[in-house]
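Architecture at a glance
Each chain is listed here by its residues.
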Amino acid sequence: MATGDDVSNDDVTGWALRAQQGDPLAMAAFVRATQPDVWRFCASLVDVDAADDLTQETYLRAFRALPGFAARASVRTWLLGIARRTCADHLRTVVRRRRLDEVLRARLPGGGAAPDPSGASAATDLLDRLPAERRAAFVLTQLAGLSYQEAATVENVPIGTIRSRVARAREDLITALSQAR
């Protein structure tokens, strides 16, 4: 079976349409034919180190969205649109994490020098100390950018529970920072 640039858009679209029906061979052919383009696109938008994970996430999203693919545009265009959104989501998460890191470092004693000789992220260490439910609520709303309502839906709890967990997570983080002094 041909891969990459050796196949026409019609072939790839045909595989996508057959994959909609659950054909595992068509799914595999679709991935083989488009993966180099998706990987190069992700590597150029983000970086080479993240390209493998972002390519995989792109295909996970694409297969979830495949039932809605109507072939109104090229399947490659559709897939690269998904890759672009995947990369944008990744970059937003990276930026949020950096901002949180900066805020947490600024609150550390000694002008932000993190007491971490291994060089690991101070924010990650602090977040790891939070109870799982509080960490999830905090990460969903403060790092992933979900609204409280969206986070409540993800966690399958009332919105008030999310608000409470985020507030308690903030208190825990402040306490952990003050203890580092």
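This text follows the structure it describes.
Turning next to the nonpolar core. Considering soluble globular proteins, one finds that nonpolar side chains tend to be buried as a cluster. W15, F30, C42, V75, W78 and L79 are the most contacted members of the largest nonpolar core, which has 26 residues in total. At the level of secondary structure, the elements contributing two or more residues to this core comprise α1 (9-20), α2 (24-45), α3 (48-65) and α4 (75-107). Among the elements that line this core, the one with the most residues is α2, at eight residues. Counting residues in each nonpolar core, the second largest holds eleven residues, with L104, L126, A169 and A176 among its members.

So, about α1. The periodicity of an α-helix, 3.6 residues per turn, causes residues three or four places apart in sequence to face the same way. With twelve residues, α1 ought to run about 16 Å at 1.5 Å a step, and its terminal C-alpha atoms sit 16 Å apart, in line with that. Of all the residues in α1, the buried ones are V12, T13, W15, A16 and A19. Each buried residue of α1 sits inside an arc of 160 degrees when the element is viewed along its axis, so together they form one side. Positioned one or two residues after α1, G22 has a phi angle of 95 degrees, which is positive.

Okay, the packing of helix α6 (residues 132-143) against helix α7 (residues 148-155) next. In contact at an axis separation of 9 Å, α6 and α7 are set at 140 degrees when each is read in the N-to-C sense. Between α6 and α7, the angle falls in the class oblique. For the pair α6 and α7, the crossing hand works out as right-handed. Contacts from A136, L140, T141 and Q142 in α6 reach Y148, A151, V154 and E155 in α7. Across the contact of α6 with α7, the residue classes tally to five nonpolar, two polar and one charged.

The next thing to look at is the side chain of T34. The residue T34 is located in helix α2 in this model. According to the relative accessible area criterion, T34 is buried, its value standing at 2%. Polar side-chain contacts of T34 include one of 2.7 Å to the backbone oxygen of F30. Apart from the residues lying within four places of it in its own chain, the contact partners of T34 are V12, Y59, R76 and L79.

Rules and cut-offs
- Residues numbered from 1 in each chain as written.
- Predicted model: local features only at pLDDT ≥ 70, side-chain atom pairs only at ≥ 80, totals over all residues.
- Heavy atoms only, no water.
- Core = buried A, V, L, I, M, F, W, Y, C linked by side-chain atoms within 4.5 Å.
- Buried < 20%, exposed > 50% of the residue type's maximum accessible area, 1.4 Å probe, protein only.
- Helix = DSSP H or I, 4+ residues; strand = E, 2+ residues; numbered from the N terminus.
- Expected span 1.5 Å × (residues − 1).
- Arc of directions from axis to C-beta.
- Axes fitted to C-alpha atoms, helices over the stretch in contact; angles between N-to-C directions.
- Parallel < 35°, antiparallel > 145°, perpendicular 65-115°, else oblique.
- Left-handed = near helix turned anticlockwise from the far one by under 90°.
- Contact = heavy atoms within 4.5 Å.
- Nonpolar A, V, L, I, M, F, W, Y, C, P; charged D, E, K, R; others polar.
- Polar contact = N/O pair within 3.5 Å; in protein donor to acceptor, adjacent residues only side chain to side chain.

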